[in-house]
Amino acid sequence: MRIHPSMAGGPTERQAENSRSHGVPAWSGLGRAFCFYALALAVALICLANLGFLLGLAVGPWNLPLAAALALAGTWAWSRSAGGGAPAWRDALLGAGLVWAVLGLGLFLATRYNDMSYDGQCYHQLAILSLLDGWNPLWEPYLPFHHYPVQNYPKAFWYLAVSLTQVFGSVEYGKAFNYLLPTVAGAALFQFLKGLGRSPFMVRLLLSLTAAFTPTVLCQLNSFYLDGLLVSGLLLALVFSLEYYLYGDRRVLGPLLLVSLFLINLKYTGLVYVGLFQIGFWLALLWRRRQRHWAYFRCAAAGGLLGVLVLGFNPYVLNTVHFGSPVHPMPGENVARYQAPQEFIAKNRVEKLAWSLFAHCSANMKSMPQLKIPFTVSAYEWEHLGTTSLRYSGLGPWFSGALILLPLALLMVWRRNRAWAKAGLALCGLILASVFFIPETWFSRFVPQIWFIPLLWAVALWWSPGEKWRAAARALAVAICIILLVNQAMVLAGNWLDWHGVQSVFDGQVEDLRKASQTRQVLVKGPWRAVRNRLDSAGLRYEWVDELPCAEPQRIAGTHSTHWYCLGENTP
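Because the structure is a prediction, the values reported are computed rather than measured.

Attention now moves to empty space enclosed by the protein. Enumeration over the complete set of coordinates arrives at 7 cavities of 30 Å³ or more. In this structure, the largest cavity spans a volume of roughly 360 Å³. Around the largest cavity, the lining is made up of 22 residues, and of these Phe 192, Leu 242, Leu 427, Leu 456 and Val 459 lie nearest the centre. Sorting the residues of the lining of the largest cavity by element identifies α9 (177-196), α10 (201-212), α12 (227-247), α22 (418-435) and α23 (452-463) as the ones contributing at least two each. Class assignment for the residues of the lining of the largest cavity results in 21 nonpolar, 1 polar and no charged.

Okay, here's the thing in structure tokens:
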């Protein structure tokens, strides 16, 4: 087994700098090019959107092919600097081809089911449709309807979605990145684990799939929610930072910079979390790797400055100028505090997190969390698993079961190799510091990085050196992964059943209304433009009204009781 010197205990600086001759650096060849191209494509789309806005241009069909070409050139240049066996152009082309293969699958799956989530319809699709109409967030940042999430929140994902929509036609195609980013994160982790030492292919695959396709990712695959992309980006930031800490290869700072730019402009918490992660790793480098910390610091600083001041001019700079806070309307407008009873919200952050982690899965905003026995799944939980935004125990019904195994995991790793145990505790501390930075720690989609904690110990159990308890440690690592994988399967099953059920009802309603519209008026009432766009895309003839004349209007499926319809007078 190849173990990096820092894990085995006390290398000198020269030994650390030369560690690549003793270990297996993860980033080589096709896997490296695949990850770099995907991130470069996303950041290029964000850059081109901002450049176009500066020049007074809307996002158009030219953004995507131009971004693809720029990302390919960047990947070629980066692969060339990295060296390796295959020519740089071959790595770049094959990496780009793999990205488009995954993205193509995502484009196919994205249109199987409409985004019926609340936030997706309420403001994410509204923002995308406004951009398609020609809205310029730089020169005209404030829309007539004054919808603060659209105007004041980071906009990176909307730029990606609009770029895909302009080429392929439907707003729903914008969800394709929900499939690409977790795949990239899983590939990065797979390569990193390969660098830690010899291990069975299936073990690395199991860990990578479990870490990348978290319950947060799975719940949000068919929505425009951002938390699945957030946790994928955070996994990439962790992998790249660990790679640099262990091997000191400055080439890995390139994809780290790209993922930082993406996270900062994805969501406010992306700025907070990636910033805290990088501060933690910089302090660790300053303490243990003094010859490396300046390069890491420059990368983090460049990502922060470019992400906030340039790519994030809207919202960060404009919010500061107009409202006095770069993250306006946060923290004052804390939407999570309205998602649970005030009795629960009044508890401290540690209490709220503990209650939520060991409670029944629930999306009920009016009830207190109910504790349950780990490794059980109730009928009540199955009813709520198909929710895009679970309130309590949002990481799945068996996640609490994995957590109760962690004291045993810590004990085993401590007895096998204390350096690995201390490293695991430090990484867990860094993750928990990011979790407790926000007040509503109980709402798992706001703190999806908690999912990484049991997986960190699974990695330590398998790869920590030493023969003591080796078989037991590896058995426990596999057990943790299997528990989490079964947990993910339940979450995915619950969501797929919900997606399929709601979509089937909606399609049936549209078909019935299409037939009825031949002889009757179809009248629709509701506030969301996303629903109107979906009905228009279905080719339905209808009239949007302020009030419905019928006594018993019917609810439109998937609109959370916000949109209703009825049949009016006969048409000539």
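On to the packing of aromatic side chains. For any pair of aromatic rings, the description consists of the separation of the ring centres together with the inter-plane angle of the planes. Going through the model one piece at a time under the given rule, you end up with 25 aromatic pairs. A centroid spacing of 5.5 Å and a plane angle of 85 degrees characterise the contact between Phe 344 and Trp 442, whose relative ring orientation is edge-to-face. With a gap of 98 residues between them, Phe 344 in helix α17 (residues 342-345) and Trp 442 in the loop between α22 and α23 connect regions that are remote in the sequence. Each of the two residues, Phe 344 as well as Trp 442, counts as buried. Clustering of aromatic rings is evident, with ring pairs tying together Tyr 123, Tyr 148, Tyr 153, Trp 158, Tyr 268 and Tyr 316. A cation over an aromatic ring shows up here: Arg 288 above the ring of Trp 287, its NZ or CZ 5.9 Å from the ring centre.

Next up on the list: the pairing of strand β1 (residues 520-525). As paired elements, β1 and strand β4 (residues 564-570) share 5 bridges and run antiparallel to each other. Bridge pairing in β4 places Arg 520 opposite Asn 570. Relative to strand β2 (residues 543-544), β1 is paired through 2 bridges, and the arrangement is parallel. Directly across from Leu 523, in β2, lies its bridge partner Glu 543. Handedness of the β1-helix α25 (residues 529-537)-β2 crossover: right-handed.

In this structure, Leu 41, Leu 180, Leu 207, Leu 236, Phe 240, Leu 461 and Trp 463 are the most contacted members of the largest nonpolar core, which totals 162 residues. The element best represented in this core is helix α3 (residues 29-54), accounting for 16 residues. Setting aside its immediate chain neighbours within four residues, Leu 207 contacts Leu 189, Leu 193, Leu 455, Ala 458, Val 459, Trp 463 and Cys 481.

This next bit is on the side chain of Ser 241. Within the fold, Ser 241 resides in helix α12. Overall, the relative accessible area of 2% leaves Ser 241 in the buried class. Sequence-distant contacts of Ser 241, that is, excluding residues within four places in its chain, are made with Leu 256, Phe 281 and Tyr 296.

Here the focus is the pairing of β4. Relative to β4, strand β3 (residues 554-555) is paired through 2 bridges, and the arrangement is antiparallel. Each bridged residue has a counterpart across the sheet, and for Gln 554 the counterpart in β4 is Tyr 565.

The grouping of Leu 51, Leu 54, Leu 55, Leu 57, Trp 62, Leu 66, Leu 70 and Trp 139 at the surface amounts to a nonpolar patch, some 830 Å² of accessible area in total. Where the nonpolar patch is concerned, the elements lending two or more residues are α3 and α4 (63-82). Judged by its relative accessible area of 45%, Leu 51 falls in the partly exposed class.

Quick look at unusual backbone geometry now. Look at the link from His 328 to Pro 329: it is a cis peptide, with omega at 5 degrees. Summarising the element assignment, Pro 329 is placed in the loop between α16 (313-323) and α17. Notably, Trp 469 is not glycine yet its phi reads approximately 55 degrees, a positive angle. Positive phi is not limited to glycine here, since His 560 has a value of about 55 degrees.

A few words now on the confidence of the model for the chain. With 93% of its residues at a pLDDT of at least 70, the chain reaches an overall mean of 91. Put simply, helix α2 (residues 13-17) is where the chain has its lowest mean pLDDT, 38, and helix α8 (residues 156-168) is where it has its highest, 98. Low confidence marks residues 1-26, where pLDDT is under 50. Its contacts with residues over four positions away, or in another chain, come to 61 contacts.

What follows covers the packing of helix α13 (residues 253-264) against helix α14 (residues 268-288). Where α13 meets α14, the closest approach of the two axes is 7 Å, and the angle between their N-to-C directions is 145 degrees. As for the relative orientation of α13 and α14, their crossing is left-handed in sense. Contacts between α13 and α14 involve Leu 256, Ser 260, Leu 263 and Ile 264 on the former and, on the latter, Gly 270, Leu 271, Val 274 and Gln 278. Here the residues of the contact of α13 with α14 are counted per class, giving 5 nonpolar, 3 polar and no charged.

Here Val 435 lies in helix α22. The buried category is assigned to Val 435, whose relative accessible area is 0%. Residues Val 435 and Val 447 lie 12 residues apart in sequence; the distance between their C-alpha atoms is 5.7 Å. Every residue in contact with Val 435, bar those within four places of it in the chain, is listed here: Leu 353, Thr 441, Val 447, Gln 449 and Ile 450.

Moving on, we get to the pattern of salt bridges. Should their charged atoms come close, side chains of opposite charge can pair. Summed over all chains, the structure comprises 12 salt bridges. Glu 440 is paired through a salt bridge with Lys 352; the nearest N and O atoms lie 2.9 Å apart. Taken together, the residues Glu 440 in the loop between α22 and α23 and Lys 352 in helix α18 (residues 349-357) connect sequence positions 88 residues apart. Glu 440 sits in the buried class, given a relative accessible area of 5%. For the salt bridge of Glu 381 with Lys 372, the shortest nitrogen-to-oxygen distance reads 3.0 Å.

About the cut-offs
- Think of each chain on its own: its residues are numbered from 1, step by step along the sequence as written.
- It should be noted that, the model being predicted, local features are given only for residues of pLDDT at least 70 and side-chain atom pairs only at 80 or more, the latter also being counted only at that level, while totals for whole chains, interfaces and linings use all residues.
- By convention in this description, side-chain values take in all heavy atoms of the structure and omit both hydrogens and water.
- Using only the protein atoms, space was sampled on a 1 Å grid; points where a 1.4 Å probe fits but cannot get out form cavities, open sets with protein on both sides within 12 Å along at least five of seven lines form pockets, and lining residues are those with an atom within 4 Å of a point.
- Grid points are joined across faces, edges and corners, and a volume is the space filled by probe spheres set on the points.
- Numbering goes from the N terminus for both helices and strands, where a helix is a DSSP run of H or I of at least four residues and a strand is a run of E of at least two.
- Classification used: nonpolar for Ala, Val, Leu, Ile, Met, Phe, Trp, Tyr, Cys and Pro, charged for Asp, Glu, Lys and Arg, polar for all others including Gly.
- For this analysis, a ring pair means two rings from Phe, Tyr or Trp (six-membered ring only for Trp) whose centres lie within 6.5 Å, classed as stacked if their planes differ by under 30 degrees, edge-to-face if by over 60, and tilted for the remaining angles.
- We call a residue buried when its accessible area falls under 20% of the maximum for its residue type, exposed when it is over 50%, and partly exposed in between, using a 1.4 Å probe and counting protein chains only.
- In our convention, an over-ring charge means Lys NZ or Arg CZ found within 6 Å of a ring centre and within 35 degrees of that ring's normal.
- We call two strands paired when DSSP finds no fewer than two bridges between them.
- Here is how to tell: hold the view so the strands point away, follow the path from the first strand over the helix to the second, and if it runs clockwise the crossover is right-handed.
- Here, nonpolar core refers to any group of buried Ala, Val, Leu, Ile, Met, Phe, Trp, Tyr and Cys residues whose side-chain atoms link them within 4.5 Å.
- Contact definition: two residues touch when any of their heavy atoms are within 4.5 Å.
- Excluding any residue in a salt bridge, patches collect residues exceeding 30% relative accessible area, merging like charges within 9 Å and nonpolar Val, Leu, Ile, Met, Phe, Trp and Tyr side chains within 5 Å.
- The Shrake-Rupley method, run with a 1.4 Å probe, gives the accessible areas here. Residue values count only the displayed protein chains as cover.
- Counted as salt bridges are all cases of a side-chain nitrogen of Lys or Arg within 4 Å of a carboxyl oxygen of Asp or Glu.
- Along the chain, pLDDT gives the predictor's confidence residue by residue, from 0 to 100.
- Each axis is a line fitted through C-alpha atoms, taken for helices only over the stretch in contact, and angles between the N-to-C directions span 0 to 180 degrees.
- Crossings are classed by handedness, with left-handed meaning an anticlockwise turn of the near helix from the far one by less than a right angle and right-handed meaning a clockwise turn.

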